[in-house]
Amino acid sequence: MTPEKDNLHKLLKTHFGYDHFRENQLDIIQDIISGKDTLVIMPTGGGKSMCFQLPSLALSGTALVISPLIALMKDQVDALKANGIRAAYYNSTQAPEEIEKVTHDLREGHLDLIYVAPESLSLLDTLLQEIQVNLIAVDEAHCISSWGHDFRPAYTQLGYLKKRYPETPLVALTATADVSTQDDIAEQLSIPKAKRYVASFDRPNLFLDVRPGQNRIQQILAFLDNHPFESGIVYCLSRKSTEQLAQKLRDADHTAKAYHAGLDAKERAKIQEDFINDKTPIIVATIAFGMGIDKSNVRWVIHYNMPKNIEGYYQEIGRAGRDGIPSHTLLFYSYADTIQLRKFIENSANIEYQTAKLERMQQYAEALSCRRKVLLNYFGEFLIEDCGNCDICKNNPEYFDGTTIAQKVLSGVTRLKEQEALGMVIDVLRGAHNASVYDKGYQHIKTFGAAKDIAWKDLQQYIIQMINQGLLEIRFRESGRLLLTSLAKEVLFKGKKVQLANLVQPIVEIPKER
Ligand code: ADP
Ligand code: ZN
């Protein structure tokens, strides 16, 4: 071990009591110490904080940590202090004496880390100029992006940090960022060259299951019969449906409670507590439930309706099986749900990207290839092997050798210079004689009409499968244009074979239950 590594291990042991770094931690820490900007994507609980806490001890000066949640800030600082690390926070909730003490300690160089809410940062501006800032950490960095799921306007001011401290390493950290959001974070924080560390999002113990959304109640009751005494959560879209479903489960002799933001705080706390203590094994909830709930033995999560994006879905299923024991996740999917979700989106800001995210969720639900691949692709991870632990892997659809089709599609995308979205790619491959094709002169490119024997809908399905297999990437922020991945190049140039699934009827259902 190099002296530097040795020293870092010592700090890990003496300050935090741990013997080993987790995946990526050591590389990230070394990058930060050597002054490089980094972008860290790690699931919740993965150990992101260590990535800036440890360098703050190895470097002289004080680390500036931007953190959005005041409650979270306090917890982190308390935990650091308990480990004998000199940390403090600064935000709008503090009494004048407290603020006095913090600013004094900061000025005197008595702090290893200072946690600041983005809204309060400007108040510290002058003081920060006077001290030595050894690194800047932007926690929950997805909040900067309107592409993320938790946009916070105060975060958009953080772009000036890199300009003000060009020599200071900046590390942005988040648990949820698809590739587009990662790009946006890097751009807005002015860290275009930041090395990206994406820790694995895989939760192999979660069985991923999607079923058509017919007779959901009967399906749920049957599911519960097969999972007696297990604890789980059913997510619904509306408050009313949580109440109704909980009642139906109770009518069938299950111990179930509804949970949503319309209940008063005391009631909510009680329901949570009873769930954690296994008194109420089943919770029927809106997405308000689960944030900050630490219960390791949740054995299943059911989505009564499809969530509006993959980030939300991933977070919610992630509440199952934290103890690592096999757990079941079940998503009900119907076309009617997507129509309802589209209506919600129509009334919101950023319709375009929300629609793109919804479509990605829909592709996951309609996938004909390994679902875990689809899920991980979304976060920028590319699995080589099928997972063997999802409904598709368990009852494989019939595959055929789709290499020729795939090659046609990939070379079509190449000839369109990776500038065009799904619809145009299909039109060109099918040799469509329409104005948008002709306007761009695409009727002259070599792959025009190369797949004219395949119906439009079928070709669309094949290309979606290719996206889901990680052969193509969609850039939602750039009008949904399709790009080749490194895997695609193996198909084009190294003779790698592609299996495509025979098309089955898409799941379309007329809602009966509502
Ligand atoms: P995140 O911010 O990614 O959600 P945290 O930074 O809160 O996660 O870390 C989650 C837990 O993992 C904490 O209890 C932390 O002390 C612990 N942890 C972090 N790094 C290590 C390590 N190298 N070895 C053991 N535990 C670790
Ligand atoms: Zn699978």
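If you're wondering where the values come from, they're calculated on a predicted model, not measured in any experiment.

Before going further, it helps to examine the overall build of the protein. Looking only at helices and strands, the protein features 21 helices and 17 strands. Contacts in the protein between residues far apart in sequence, at least 24 positions, make up 73% of those at least 6 positions apart.

Within the secondary structure layout, Leu471 lies in the loop between α20 (456–468) and β15 (472–475). The buried category is assigned to Leu471, around which 27 C-beta atoms lie within 10 Å. It is 8.4 Å that separates the C-alpha atoms of Leu471 and Lys489, two residues lying 18 residues apart in sequence. The contact partners of Leu471, leaving out residues within four places of it in the chain, are Ala406, Leu410, Met466, Thr485, Leu487, Ala488 and Val491.

Bringing the site of ligand 1 into the picture now. The environment of ligand 1 is formed by 13 residues, the closest being Tyr18, Gly47, Lys48, Ser49 and Met50. At 3 residues, the largest contribution of residues to the shell around ligand 1 is made by helix α3 (residues 48–58). Residue composition of the shell around ligand 1, by class: 4 nonpolar, 7 polar and 2 charged.

A few words now on the sheet that holds strand β11 (residues 282–285). Taken in spatial order, the 6 strands make up an open sheet running β8-β13-β12-β9-β11-β10, and their pairing is parallel. Strand pairing shows two members of the sheet lacking a second neighbour, β8 (206–212) and β10 (256–259), which therefore form its edges. Across the sheet, the mean angle separating the axes of adjacent strands is 15° when strand polarity is ignored. Summarising the sheet, strand β9 (residues 231–235) and β11 pair through 4 bridges and their orientation is parallel.

Next up on the list: the sheet that holds strand β2 (residues 62–66). One open sheet accounts for 7 strands, arranged β3-β4-β2-β5-β6-β1-β7; its pairing is parallel. Every other strand in the sheet has two partners, leaving β3 (87–90) and β7 (195–198) as the edge strands with one partner each. Mean inter-strand twist for the sheet, computed between neighbouring axes without regard to direction, equals 20°.

To continue, consider the environment of Arg216. For Arg216, the location among the structural elements is in helix α9 (residues 216–226). For Arg216 and Tyr304, which are 88 residues apart along the polypeptide, the C-alpha to C-alpha distance reads 7.3 Å.

What follows covers helix α14 (residues 351–366). With 16 residues, α14 ought to run about 22 Å at 1.5 Å a step, and its terminal C-alpha atoms sit 22 Å apart, in line with that. Those residues of α14 that fall on the buried side of the exposure criterion are Gln354, Lys357, Leu358, Arg360, Met361, Tyr364 and Ala365. Take α14 and look down its axis: the buried residues cluster within an arc of 155°, on one side only. Turned more than 90 degrees off the buried face of α14, the exposed positions are Ile351 and Glu352. Summarising the contacts, the buried residues of α14 are in contact with β8, α12 (310–317), β13 (327–333), α13 (335–346) and α15 (371–378).

With that settled, the discussion passes to the pairing of β10. Of the two faces of β10, the one holding Ala256 and Ala258 and the one holding Lys257 and Tyr259 are both buried throughout. Looking at chain direction, β10 and β11 are connected through 4 bridges and run parallel. In the sheet register, Ala256 faces β11, and the bridge partner there is Ile282. One crossover worth recording links β10 to the parallel β11 by way of helix α11 (residues 265–276), and it is right-handed.

This next bit is on the nonpolar core. Where a protein is soluble and globular, its nonpolar side chains tend to be buried together. Within the largest apolar cluster, 55 residues are counted, with the highest numbers of intra-cluster contacts made by Ile233, Val234, Ile283 and Val284. Judged by nonpolar contacts, the second largest core, of 52 residues, contains Ile28, Tyr90, Leu158 and Ile191.

Here the focus is the pairing of β3. Of the two faces of β3, the one lined by Ala87 and Tyr89 and the one lined by Ala88 and Tyr90 are each fully buried. As judged from the 4 bridges shared by β3 and strand β4 (residues 113–116), these two strands associate in the parallel manner. Within the sheet, the bridge partner assigned to Tyr89 lies in β4 and is Tyr115.

The next thing to look at is helix α5 (residues 96–107). The terminal C-alpha atoms of α5, which comprises 12 residues, lie 16 Å apart, in line with the 16 Å expected from a rise of 1.5 Å per residue. Two residues or fewer past α5, Gly109 is found with a positive phi of approximately 75°.

Where helix α17 (residues 403–415) contacts helix α18 (residues 422–429), the axes come no closer than 10 Å and their chain directions differ by 110°. Taken as axis vectors, α17 and α18 run roughly perpendicular relative to one another. The two elements α17 and α18 cross, and the hand of that crossing is right-handed. Two secondary-structure elements touch here, α17 through Lys408, Val409, Gly412 and Val413 and α18 through Val425, Val428 and Leu429.

Before going further, it helps to examine the confidence of the model for the protein. For the protein, per-residue confidence averages 90 on the pLDDT scale, and residues scoring 70 or more make up 96% of the total. Long-range and interchain partners of residues 505–514, a stretch whose pLDDT sits below 50, account for 17 contacts in this model, where long-range means more than four residues apart. Reported for the predicted complex are a pTM of 0.65 and an ipTM of 0.97.

Okay, the packing of α14 against α15 next. Two numbers describe how α14 lies on α15: the axes approach to 9 Å, and their chain directions differ by 160°. The orientation of α14 relative to α15 falls into the category roughly antiparallel. Between α14 and α15 lies a crossing whose hand is right-handed. On α15, the residues that touch Arg360, Gln363 and Tyr364 of α14 are Arg371, Val374, Leu375 and Tyr378. Residues of the contact of α14 with α15, tallied by class, amount to 4 nonpolar, 1 polar and 2 charged.

About the cut-offs
Residues numbered from 1 in each chain as written. Chains lettered and ligands numbered in written order. Predicted model: local features only at pLDDT ≥ 70, side-chain atom pairs only at ≥ 80, totals over all residues. Helix = DSSP H or I, 4+ residues; strand = E, 2+ residues; numbered from the N terminus. Contact = placed C-beta atoms within 7 Å. Buried ≥ 20, exposed ≤ 12 C-beta atoms within 10 Å, placed from the backbone. Near = placed C-beta within 6 Å. Nonpolar A, V, L, I, M, F, W, Y, C, P; charged D, E, K, R; others polar. Pairing = 2+ DSSP bridges. Axes fitted to C-alpha atoms, helices over the stretch in contact; angles between N-to-C directions. Expected span 1.5 Å × (residues − 1). Arc of directions from axis to C-beta. Right-handed = clockwise from strand over helix to strand, strands pointing away. Core = buried A, V, L, I, M, F, W, Y, C linked by C-beta atoms within 7 Å. Parallel < 35°, antiparallel > 145°, perpendicular 65-115°, else oblique. Left-handed = near helix turned anticlockwise from the far one by under 90°. pLDDT = per-residue confidence, 0-100.

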